[in-house]
Each structure stands twice: as structure tokens, then as C-alpha cells.
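Below are the chains, spelled out letter by letter.
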Amino acid sequence: MKRGTKLDVLRFVMLVIVGIAMLVPFVWMVSASFKTRAEVEDVRIVPQRPTIQNYPIVLDMKPDPVTGKYLGLRFGRWYFNSVMIATCVTVLQVLTSAMAAFAFARLRWKWRDKVFILYIATMMIPGVVTMIPNFQIMVTLQFLNTYHGLIIPAAFSAFGTFLLRQFMLSIPPALDEAARIDGARSGTIFWDVILPLARPGLVALAILTFLGTYQSFYWPLIMLNQDQFYPMGVGLLALDSTYGRQTELIMAATVMNIVPMIMVFAIFQKHLVKGLQLGGVKG
Amino acid sequence: MKAFFIGAAALALLLYGIAQGTLSRPPDDGIIRMRWATDPNPARVTQLSRFSQMFPHLEVTVDPGLGGDQTKLIVQCATGTGPAIIDIYDHIQMASLVDAGVLLDLTPFAKQMGFDPSRTFESVRDQLMIDGRQYRFPCNIATSNLLYNKRVFDRLGVPYPSDDVTFDELIQIGKALRRAARERRERVIPLADMNFIVLLIAHGGQFFQQDGLYSSFDSEAAIAAMQMRFDLMHKHGVIPTSVEAATVSTQGGWGGDSLTWFSGDRAAMILIGRWYTIQLPQYPGLAERLGVTGLPRVPGLLRMSPIQTRAAGINRNSPYWREALNFLVYLASPEYSELIVADGDGIPPSPLVAQTGADLVNRFLPNAELQQAFLDATINARNTNLSSFIENGLVNRLMWEAQGFVDNRIKTPRQALTDLADEIERRIDLNLERRPDLQERFRRVTGMEWSRDWRRKIPKQRYELAGRKPEEGPTYWERAAAP
């Protein structure tokens, strides 16, 4: 066997091992969602007595066998809330980040680069540090227990601005100059020249934002006190109470919860990879 | 591109509109609506509807947090938007919330409204108080018992623990179970776990001397307790090492592993309270094969076990603190305690409803004798004490760290606990040096002015051992230490 082929085989084996290691927790999660409480702690992946009863229990179509009571989970509502909040945040964040990135990458103004450094420096501050001040602002604005309390603070992103700025820097400046010679103003250049060319970056940011918001937990947990506003992550806390952790129900709920994320990723993964690669070309 | 953005924005607006349009708004019916920071388990629905029946002008809704994580509570209370009623899971958390100025001093209202400490079990009363002031009232009480799975014992042909089980007997049983399981090529854990706090209390130890100025972690009782944990784990194989635990477990988190090992016939014994019984319907046949006894005791000492209470306090900054006091009236009522009996959620707060095991019988465990064992665990039950001179969450953290050092053979029990006591006393000194309020407290506690060299003037007392049984003579470590 040639040396190159041997290396390829070795690389392939390594990748398979890493792939399996990454896949096992996911497979375990799906398998646990079909197990009974008595079996859920078992290390065996394949359930001995598979059951689908965890799904109707989570969907409030059957009572919980432990308490004999319906769990009262508003799964449909929480699902909708998660998707709605993620969609709104994604649209707003992509738009605001693109506008800011355009200003930082394509327009010339005094102290532009210094302001940009200040802006991205906010990424270095841990979220926990700003949690109480941010929360206080939300209280003052009377945003507690509202959807906009979750959407508006997430509508602006230093990371998104940074990602799209890098992307826009890679677009040749001759294009805007030609447009300006033709009489185009900054708004037209932004919408009709730069944004179409920055599409891979926009798609990458949209996917990352949607997935990140869909999974967000701490901010909604702190901002919300009424279950009708909960996204899925906060709602699932109901399965982790002092009565004990209902692992099989949590897994059933999680399997249903991650379906939109997997769909988004599966459909757009090519754009995500391409967007991130192109965004890293120019500094 | 413009069209795409407009389309996406329209979709987002449509979803937002649907979400807003389908929200239910509280009716303007004059009812005061308060929040209760607790875990959102299904039993709360019945508990809250019974409260509304008792107080029709008040409504309480559950405001879930993240288990033991207090971030939500702290952030909300710091901005004056915290819930009116707060579940407090232990006296250490209570002390933190009192220090932070969150909890209302209930003392002026408790006697008159009927939720003073005399309305609950004697063994938890001190956990409701700090410096003689009451700050909470129990929602339920958690004791510890030794539960054993008769199916495992029968299968391995090992006799059950006796009603007066000692640590010596526990070790013999554990060894016999290991041996029998090995012969049958089975993997059975004799006892799911036994942490240092349980052992410390069983050995008559404590966290602090009474004045709170000296740590008692370096007492002979505490060192014997930690040595017992080390021996149970590494010498006798009665409790699993962390490696062994990981090999039989797929699930993380406190309690989760142990419960499922025990219920799934992989652990023969577990230390747990009455609240476990709610899990029994999930494991067919287990209720009939369940054995319950008290925690093992040290020869020479009484049987002593830990007791804790999940108890509710009132947020003093809530606009509804006065109305929220009615919730504590409800918790002290027999009606509430009857719900706890029926749901199996620990021991009810009112002793009037739980005088004998027969009173505790419910659909989960209809055996009055076993229920009596849970009730007996409230006798001689104790909790660890606190010090006003150090942040008690920190003490807890340092203590678990010390347990980790011993479990992983990094330090000997004596070395780990001596270092722990030294570290705690060093931090107490630091706090005293920095905080005039603690210096004032020092003056009240000791009757003398604080000075940097106070430890020379007030030497460490010889630790008083709790629960001594004089007829049984000295304990094993006292005999070992004798000249």
C-alpha cells in the first residue's frame, strides 16, 4: 500500500471514530425517548421494551404515570414561541448587522475604525456581568413578560456586524465607485450592490442567529414569569422538579424540540460553510 | 434582496401578531396575583387551587427557577421585581437571602397569624430562624432513611439490615452483597452513596463551634466521619467510587443516578426520604419489596440523621408582602399538609396531620409500618450549623472540595479536614478585619472587643460530641485516641 493511501485510511478511521463519538449522545437521546423510566438509566442503546408513551405524555395527551396527573405542558405554545422569537430576532439582527457592517466597511467617516474596535470590544464582556444592568433597563422600559423583551435586546449583535464587515471588505471597492458614478446614493449601493454580493455571509449569520436564539435559555428564564411566553427551553424545566428528573420525558421533548434546528441546518449547511469561509478571507 | 427582506420581515410580523393576539390577559376582577418561586412540579397545581379556595381574593402562580441556581431570583430581587413568595431549599440559602436583604422578618406576624415555629416539627425549627428571628415556614420536610431493595437482597441471599443497624453491620452487609454479586457475575452497588454531611451528623459532628468563630471540621468526630466515607468507598467497597459510578450511569445530576440504580435493582440500598415513594408506581412490584429502616448509627451514639426543609419566605420588597403572609398561613394549615401526605412529597409541615405512620399512608405506599420509619427519622434529626462570620455558601463549597480530595486520594481525611478548618478560620479572620459589623457581632458573641490577636485570648474549645449513649461507652475513634 502506498504511503499516501495508508495516511488516507488512517485519516478516515480517525474521522469515523470522532464521528461516532459525536453521534453517540444524539443516538442515546433518541433511544432514551423510547425507554421506560425503569430502563432509562440503562447504558444499552437499544431499548429492551421500547415505548412511544413518552411523546403523548409530553404533548399532554396522556397523564404522567408517576403522578397520575396531566403534566399541563403547553408544548405547542412553547414551540411556536421559540420559532417566532427566533424568526423575529434573525430578521432584525441580520438587517441591523448588515447596516452597521456597511457603515464600518464601505463608508468613510471620522473615527470609524476606533468606533468599530469599541463596538467589537463589547464581545469580550461576559454576559453575566451585564445581566443585572440589562435587566434593569428592561424593567424601566416595562419589557418584563413581553415578547419584545426577548426580541429587541437580541436584535443587535457585535459578532454579526464583525462577520458581515469582514465579508463586505472582500467585495471590490470598484463596484461602489461605479455605482456612485452612475448616481447611486449610499442606500441604493447598500440594497442593490453590496447586499446581493454579501448573500453567503447573510445566510451564514441568519443560520447562526436562528439556531442561537432558538436554543437561548438564561435570558428568557430571567425575563419571563408567565408560562404562555416561555420558549421551549424554559418550558422544559417543568420536567426537572423536586419530584425527580424525568429523563425519558425530557429526551422525548428534546427530540421534538431539535427538529426545526436540524431542518434549518440540513437545508442551509452549504451556505453556512461557504459564508464562514468567505468571511474569513479579508481582515 | 429588498423583496426578500420585506418578505422575511412580514413573516416575522405575522408570527409576532399571532403570538400577541393569542395571549390570555388576566381579567380585571380585583384578585391579587402573586408569584411563588419554586420548582414547577405537577403537585403545585392542586396545592395552588386549594390555596385559592381558602383565600378567594388571592391567586398564586408558579415562577420556575433553575434548580439550585439562584441567578433569576437574585437578578429579579436586585431590581425590585422579584416574586412575593420564595422557596428556600436550605438554611444556607436562607442566610444568603437574609444577608442580601431579600427576606422579610416574619417574627412580628408568625404567632398571631399561626405560622410560628411551634406549628411544625421540633427538629426543623432552628432551620427557620437566624439570630432568633423567623424567616420562613416549611412547605415540606425531608428526612433520610436507609431504604433497601428486598429483591436484590433475596436474589443474592444476603439478610436484610436490622432495625438497629450500625456502621459495622452496614459494612458486613455491603461486603456480603459484593461477594455474592461477584460469585453470580452481577454488578450490584451495595449502597448508592453516603455523603460527608450524613456521616458527620451520624458521628455527632458539626460545622462550627457554637459561637461560629471556630470551625469544627478538624474535630475527631468529623475526621472519623470522613475516614468512614473513605473506608466505605475504598476499603470495603460499600459505596461506589466516582469511576464505578460513571460506568453504571448514563445520567448526571444529584439524586438521579442513585434513584435509578436503586429502583432498577442495581443498588441494594439508598439513603433517601419519603419523597422517593412517589417514584414507586414507575417500578412495578418494588413497593411490595421495599424495606425502610433508620440511618446506620455509630456504636456509642444515638441514631442521628440529617433533616432539611424546603420552606417559603416572603420577599420584603414585593408590593404584596402583606398578602403573601396568607400563603404561610396556608402552609401551616392541616389542609395543605393533607395534600403533602397524599402526594408523598416528603413529610408534611404540620405534625398534627402526621402523628403515626398510619396517618401517612397513601396510594404510593400503603404500608403504615414503612411510613412510620419515615416519621421516626424526624426524632434526633439534626442539621449542620452556620456561622455568622463567614459566607456559608463558601463553607459548603470548600467542604465538598475537601470530600473530593479524600475521594480521589489526594489528601488523607485528617489532612483534608485540618486544611479545611484552617482555611475557614483564615477567612473568618479576614472578614472580621474588614467588616465593622462583624466586629460588633464579635463583641456581642464574646463580650470582648475584637483585636487581631483575639484567637490567643479565646482558644478553641474542645468539641462537644452530640448524641452520646453513655451505656455504650466511648466511640471507636475515642478508644483509638485513648493513651
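Undergrad: What exactly am I supposed to notice about the overall build of chain A here?
TA: From N to C terminus, chain A includes 13 helices and 2 strands. The C-alpha atoms of chain A give 24 Å as radius of gyration, which overshoots the globular expectation for 283 residues (19 Å, by more than 25%). When its C-alpha atoms are laid out on the principal axes, chain A stretches across 75 × 70 × 30 Å. Here chain A, with 283 residues, has 47% of them falling under the buried criterion. Surface exposure of chain A reaches about 14,400 Å², of which carbon and sulfur atoms provide 70%.

Undergrad: Would you explain empty space enclosed by the protein in this entry?
TA: Empty pockets left among the atoms are what a rolling probe the size of a water molecule brings to light. The full count for this structure, using the stated rule, is 2 cavities of 30 Å³ or more. Around the largest cavity, the lining residues are Thr36, Arg37, Gln53, Asn54, Ile57, Asp64, Pro65, Glu248 and Leu249 of chain A together with Gln282 of chain B. When contributions to the lining of the largest cavity are tallied by element, the ones reaching two or more residues are α2 (54-58) and α13 (247-279) of chain A. Counted by class, the lining of the largest cavity contains 3 nonpolar, 4 polar and 3 charged residues.

Undergrad: Sorry, what's going on with the environment of Ala224 of chain B here?
TA: Residue and element names in this part refer to chain B. Mapped onto the secondary structure, Ala224 falls in helix α10 (residues 220-235). Given the relative accessible area of 7%, Ala224 is considered buried. For the pair Ala224 and Glu478, spaced 254 residues apart in sequence, the C-alpha separation works out to 9.6 Å. Excluding residues within four positions of it along the chain, Ala224 makes contact with His203, Tyr476 and Trp477.

Undergrad: Explain the confidence of the model for chain B to me, please; I cannot follow it from the model alone.
TA: Regions with low pLDDT should not have their predicted coordinates read in detail. All names here are of chain B. With 96% of its residues at a pLDDT of at least 70, chain B reaches an overall mean of 90. In the predicted structure, residues 250-255 sits below a pLDDT of 50 and forms 14 contacts with residues beyond four places in sequence or in another chain. Both scores are available for the predicted complex, with the pTM at 0.80 and the ipTM at 0.84.

Undergrad: I keep staring at the state of the cysteines and nothing clicks. Help me out?
TA: Covalent bonding between the sulfur atoms of two cysteines is what defines a disulfide. This model, assessed by the stated rule, comprises 0 disulfides over all chains. The thiol of Cys77 of chain B is unpaired, and the distance to the nearest cysteine sulfur, on Cys139 of chain B, comes to 16 Å.

Undergrad: Can you walk me through the packing of aromatic side chains in this structure?
TA: Given two aromatic rings, their pairing is described by the distance between the two centres and the angle made by the two planes. For the structure shown, the criterion picks out 31 aromatic pairs over all chains. Taking the centre distance of 6.4 Å and the plane angle of 20 degrees together, the rings of Phe116 of chain A and Phe162 of chain A count as stacked. With Phe116 of chain A in helix α4 (residues 112-121) and Phe162 of chain A in helix α7 (residues 158-169), this residue pair connects regions lying 46 residues apart in the sequence. Summarising the aromatic geometry, the rings of Phe109 of chain B and Trp321 of chain B are spaced 5.7 Å apart at their centres and angled 55 degrees between planes, so their arrangement reads as tilted. With Phe109 of chain B in helix α5 (residues 107-113) and Trp321 of chain B in helix α13 (residues 321-331), this pair connects stretches of sequence that are 212 residues apart. Chaining the aromatic ring pairs together yields one cluster made of Trp36, Phe51, Phe55, Phe327, Tyr330 and Tyr336 of chain B. Stacked on the ring of Phe116 of chain A, the Lys or Arg Arg165 of chain A has its end atom at 4.0 Å from the ring centre.

Undergrad: Just to check I follow, could you spell out the packing of α4 of chain A against α7 of chain A for this structure?
TA: Two packed helices can be described by the angle between their axes and the distance between those axes. Residues and elements named next belong to chain A. Running from N to C, α4 and α7 cross one another at 135 degrees; their axes reach a closest spacing of 9 Å. Compared by their axis directions, α4 and α7 come out oblique. Between α4 and α7, the residues in contact are Asp113, Phe116, Tyr119 and Ile120 and Ala158, Thr161, Phe162 and Arg165, respectively. Each residue belonging to the contact of α4 with α7 can be placed in one class, and the counts come to 5 nonpolar, 1 polar and 2 charged.

Undergrad: How should α7 of chain A be read in this particular structure?
TA: Residue and element names in this part refer to chain A. When the terminal C-alpha atoms of α7 are compared, their 16 Å separation across 12 residues agrees well with the 16 Å that a helix rising 1.5 Å per residue should span. Of all the 12 residues making up α7, 10 are buried; the element is thus mostly covered by neighbouring parts of the structure. Listed in full, the buried residues belonging to α7 are Ala158, Gly160, Thr161, Leu163, Leu164, Arg165, Gln166, Phe167, Met168 and Leu169. Capping the start of α7 is the job of one residue whose side-chain oxygen sits 3.3 Å from the backbone nitrogen of Phe159: Ser157.

Cut-off values and rules
- Residues numbered from 1 in each chain as written.
- Chains lettered and ligands numbered in written order.
- Predicted model: local features only at pLDDT ≥ 70, side-chain atom pairs only at ≥ 80, totals over all residues.
- Heavy atoms only, no water.
- Helix = DSSP H or I, 4+ residues; strand = E, 2+ residues; numbered from the N terminus.
- Rg over C-alpha atoms; globule rule 2.2 N^0.38 Å.
- Buried < 20%, exposed > 50% of the residue type's maximum accessible area, 1.4 Å probe, protein only.
- Areas by Shrake-Rupley, 256 points an atom, 1.4 Å probe, with all protein chains shown as cover.
- 1 Å grid on protein atoms, 1.4 Å probe; cavity = no way out; pocket = protein on both sides within 12 Å on 5 of 7 lines; lining within 4 Å.
- Points joined across faces, edges and corners; volume = space filled by probe spheres on them.
- Nonpolar A, V, L, I, M, F, W, Y, C, P; charged D, E, K, R; others polar.
- Contact = heavy atoms within 4.5 Å.
- pLDDT = per-residue confidence, 0-100.
- Disulfide = S-S within 2.5 Å.
- Phe/Tyr/Trp six-rings, centres within 6.5 Å; stacked < 30°, edge-to-face > 60°.
- Lys NZ or Arg CZ within 6 Å of the ring centre and 35° of its normal.
- Axes fitted to C-alpha atoms, helices over the stretch in contact; angles between N-to-C directions.
- Parallel < 35°, antiparallel > 145°, perpendicular 65-115°, else oblique.
- Expected span 1.5 Å × (residues − 1).
- Polar contact = N/O pair within 3.5 Å; in protein donor to acceptor, adjacent residues only side chain to side chain.

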